[in-house]
Amino acid sequence: MVEPISSLSREYLPFFVRGATGVEQVEVAFTGPGVEPVEGDWHDAEWKPNSVTEHGTTARILFGPGGTVARPDGTYQAWVRVTATVEQPVLPAGLIDVI
């Protein structure tokens, strides 16, 4: 679990994706803990500039009021979905506490 984020804060939330090259489509979803995302839960994310390594790269999404997605106080399961030519992994990415 990462540090809690204030529901008043707007900031990028980073998610390292092992094996990604930074050219694939990437999306992030936030659900209740233990709940898998459905199609309407996904939000476009982006790759953090200059974050590509030999092991993968970092996806990010602007989270909070005025960002790509905002959530009220609570605990959420973050998910990352990467769409490549053949594969489309959906990866649980940890719990986010919004306070």
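Residues numbered from 1 in each chain as written. Predicted model: local features only at pLDDT ≥ 70, side-chain atom pairs only at ≥ 80, totals over all residues. Heavy atoms only, no water.

Some details on the overall build of the chain
On a plain count of helices and strands, the chain comes out with zero helices and seven strands. Listing every helix and strand of the chain by position from the N terminus yields β-β-β-β-β-β-β. A compact globule built from 99 residues should have a C-alpha radius of gyration of about 13 Å, and the chain, at 13 Å, falls within 12% of that. Dimensions of the chain, computed from C-alpha atoms along their principal axes, come out at roughly 35 × 30 × 25 Å. Residues classed as buried in the chain amount to 37% of the 99 residues present. Working note: accessible area of the chain is about 5800 Å², and carbon and sulfur atoms make up 52% of it. The chain carries 6 positive and 13 negative side-chain charges, and their two centres are separated by 5 Å. (Helix = DSSP H or I, 4+ residues; strand = E, 2+ residues; numbered from the N terminus. Rg over C-alpha atoms; globule rule 2.2 N^0.38 Å. Buried < 20%, exposed > 50% of the residue type's maximum accessible area, 1.4 Å probe, protein only. Areas by Shrake-Rupley, 256 points an atom, 1.4 Å probe, with all protein chains shown as cover. Lys, Arg positive; Asp, Glu negative; His and termini not counted. Charge placed at Lys NZ, Arg CZ, Asp CG, Glu CD.)

Let's talk about the pattern of salt bridges
Taken as a whole, this structure holds three salt bridges when the rule is applied. Note that Arg81 and Glu27 form a salt bridge whose closest N and O atoms lie 2.8 Å from each other. Taken together, the residues span a long stretch of sequence, with Arg81 in strand S6 (residues 74-83) and Glu27 in strand S2 (residues 25-31) at a distance of 54 residues. Comparing Arg81 with Glu27 shows no difference in burial state: the two are buried. Its salt-bridge partner being Arg60, residue Glu46 comes within 2.6 Å of it at the nearest N-O pair. Of the two residues, Glu46 sits in strand S4 (residues 46-47) while Arg60 sits in strand S5 (residues 56-63), which places them 14 residues apart along the sequence. Residue Glu46 is classed as partly exposed on the basis of its relative accessible area, which comes to 32%. By sharing partners, the salt bridges in this structure join Glu27, Glu39 and Arg81 into a single network. (Salt bridge = Lys/Arg side-chain N within 4 Å of Asp/Glu carboxyl O.)

Some words on the side chain of Gln77
Assignment of secondary structure puts Gln77 in strand S6. Those residues in contact with Gln77 that lie beyond four places of it in its chain are Ala29, Phe30, Thr31, Gly32, Pro33, Gly34, Pro92, Ala93, Gly94 and Leu95. (Contact = heavy atoms within 4.5 Å.)

A few points about the packing of aromatic side chains
Taken as a whole and assessed by the stated rule, the structure comprises one aromatic pair. The ring of Tyr12 is capped by Arg60, whose NZ or CZ atom sits 3.8 Å from the centre of that ring. (Phe/Tyr/Trp six-rings, centres within 6.5 Å; stacked < 30°, edge-to-face > 60°. Lys NZ or Arg CZ within 6 Å of the ring centre and 35° of its normal.)

Notes on the sheet that holds strand S1 (residues 11-18)
A sheet is described by the order of its strands in space; here three strands give the open sequence S1-S5-S4, paired in antiparallel fashion. The open sheet is flanked by S1 and S4, the only strands paired with a single partner. Direction of pairing for S4 relative to S5: antiparallel, over a ladder of two bridges. Note on S5: the bridge partner recorded for Glu46 is Arg60. (Pairing = 2+ DSSP bridges.)

Such coordinate-based values are descriptive only and should not be taken to indicate function.
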